[in-house]
Amino acid sequence: MDQIDQFIAEFASFVWGIPLVILLIGGGLFLLVYSRFLPFRYLGHSVEVLRGKYNNPNDPGDINHFQALSTALSSTVGMGNIAGVAVAIAVGGPGAIFWLWVSAIVGMATKFFTNTLAVMYRGKDTEGKIQGGVMYFIVEGLGKKWKPLAAFFAIAGLVGALPVFNVNQLTQAINFILLEPNNIETGFTSSLIIGIILTLITTIVIIGGLDRISKTVSKLVPAMVALYFVSVLIILFVNADVVLHYFGLIFTDAFAANNYKGDPLLGGMLGGLILLGIRRGAFSNEAGIGTATMAHGASKTTEPVREGLIAMLGPAIDTLVVCTLTAMAILVTGVWQTSDENGVSLTAAAFEQSIPYIGQYLLLLCILAFSISSLFSYSYYGTKCLSFLIGAENKKYYNYIYILSIIIGATTTLSFILNLIDGFFALMAIPTMISTLIMAPRVMKAARIYFEKYL
């Protein structure tokens, strides 16, 4: 197992090298400048669209704008925000959060372009049903000769869409918050039991398909974000005297790398810190990775640009709001300096310190909602990838692998799981960013026509 763990760690480090950073962040910066900062100029309009002002039930697609964003957010507003941020701070200190923010701002432009393309170039599966996603917009937008690139994305997506990280961290949270304090023995057996329970819950929902998934998560996502928001505000209020100090530290440490404990990459500690922030940012909001295109591509709309505007709200909500809340909770309580915990346990320690007796349980409630909702969405992504590769009539087979992976995620180490998903996310980013950059002029042409018509 140690050899496999080492191999996966080396694989993740290799694919997250300088070329990918240039493609993901450099490409995103190009899109931001090329669009003349369009994502930020039309935020007000995107909120109007989200509120349903332009909804038409007769438009092609399966779900409305709000359900599409909720489905996409349910896979991103999750353990990446709670455990992923804790990992970033444990390894990189406060400065890692600054680079997380950079990835989110750049990611808003990337999401606008990728998800506009997801609706602009929808394809049909073997059952004749309209589908969206990176693999479809590559084939429909660039032609059949590009199908190998589309297949590369779908193959990587089969692993990237597995729920193993969320399950792993939910299991760790239940063990750390619920079982250990009550003197219940934790280990392989307790983790296996948790995995089996999660498997049963997930099976019931995913068998219902996208309609049940979207309806479930559109209720869960707003509620879990609200509960988490209130809980962190309490922590910040309790530690109000140091909030400004630690918020400032995010900026000063971003270039000093004083607390970086990882491998020196990209030429030094600062390079390692930047890469850490970008990796955790990509893991958190998935901008440039391409998973969200499968949810937004199913939206009921005839206006591709409109869905791009909705999708760009994802990184703002996910990373700029929720990840920052987690980061401030961990920083102001000081647990990142005094605790040996990592991942979700570090966040739990912060909650317990500022909200004694109930803090950890509030966090556990949020974690349950975050994790379970993401379990539903990722299954949808995986079945779409398998449908593209071997036909929609065979997509059900992915759910068997998916359900088995829940057990694996519950009983395997954090480092193995994190590196596995990181690595395959990186592979998914390659076809997503290459095809998006090639077709960016088409998106801008559509955007000019759209804004002349509606604004």
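Residues numbered from 1 in each chain as written. Predicted model: local features only at pLDDT ≥ 70, side-chain atom pairs only at ≥ 80, totals over all residues. Heavy atoms only, no water.

Looking now at the environment of Asn115. Within the secondary structure, Asn115 is located in helix H7 (residues 95–120). Its relative accessible area of 1% is what places Asn115 among the buried residues. Residues within four places of Asn115 in sequence aside, it is in contact with Ala292, Thr293, His296, Pro304, Glu307, Gly308 and Ala311. (Helix = DSSP H or I, 4+ residues; strand = E, 2+ residues; numbered from the N terminus. Buried < 20%, exposed > 50% of the residue type's maximum accessible area, 1.4 Å probe, protein only. Contact = heavy atoms within 4.5 Å.)

Tallied over the full model, the rule gives 1 salt bridge. A salt bridge links Lys453 to Glu303; its shortest N-O distance comes to 3.1 Å. Remark: Glu303 occurs in the loop between helix H15 (292–296) and helix H16 (304–311) and Lys453 occurs in helix H22 (residues 414–454); sequence separation between them is 150 residues. Exposure remark for Lys453: the relative accessible area of 53% places this residue in the exposed category. On the basis of relative accessibility, which here comes to 11%, the residue Glu303 falls in the buried class. (Salt bridge = Lys/Arg side-chain N within 4 Å of Asp/Glu carboxyl O.)

One pass over the full model with this rule turns up 18 aromatic pairs. With 5.6 Å between their ring centres and 70° between their planes, Phe247 and Phe251 make a pair best called edge-to-face. Taken together, the residues Phe247 and Phe251, both in helix H13 (residues 240–256) and 4 residues apart, mark about one turn of the helix. With a relative accessible area of 34%, Phe247 lands in the partly exposed category. Lying over the aromatic face of Phe388, Lys147 brings its terminal NZ or CZ to 5.7 Å of the ring centre. (Phe/Tyr/Trp six-rings, centres within 6.5 Å; stacked < 30°, edge-to-face > 60°. Lys NZ or Arg CZ within 6 Å of the ring centre and 35° of its normal.)

Packing of helix H2 (residues 18–34) against H22 leaves a shortest axis separation of 10 Å and a crossing angle of 20°. By the angle between their axes, H2 is roughly parallel relative to H22. Here H2 and H22 pass one another in a crossing that is left-handed. Of the residues in H22, those touching H2 at Leu20, Leu23, Leu24, Gly27, Gly28, Phe30, Leu31 and Tyr34 are Ala426, Ala429, Ile430, Met433, Ile434, Thr436, Leu437, Ala440, Pro441 and Met444. Among the residues forming the contact of H2 with H22, the class breakdown is 15 nonpolar, 3 polar and no charged. (Axes fitted to C-alpha atoms, helices over the stretch in contact; angles between N-to-C directions. Parallel < 35°, antiparallel > 145°, perpendicular 65-115°, else oblique. Left-handed = near helix turned anticlockwise from the far one by under 90°. Nonpolar A, V, L, I, M, F, W, Y, C, P; charged D, E, K, R; others polar.)

This paragraph deals with unusual backbone geometry. Phi angles above zero are rare outside glycine, and Arg36 is one such case at about 55°. Considering the arrangement of structural elements, one finds Arg36 in the loop between H2 and helix H3 (38–41). Classification of Arg36 as exposed rests on a relative accessible area of 67%. Of note, Phe37 is a non-glycine position whose phi angle comes to about 60°, a positive value.

Don't take any of this as a statement about function, it's just geometry.
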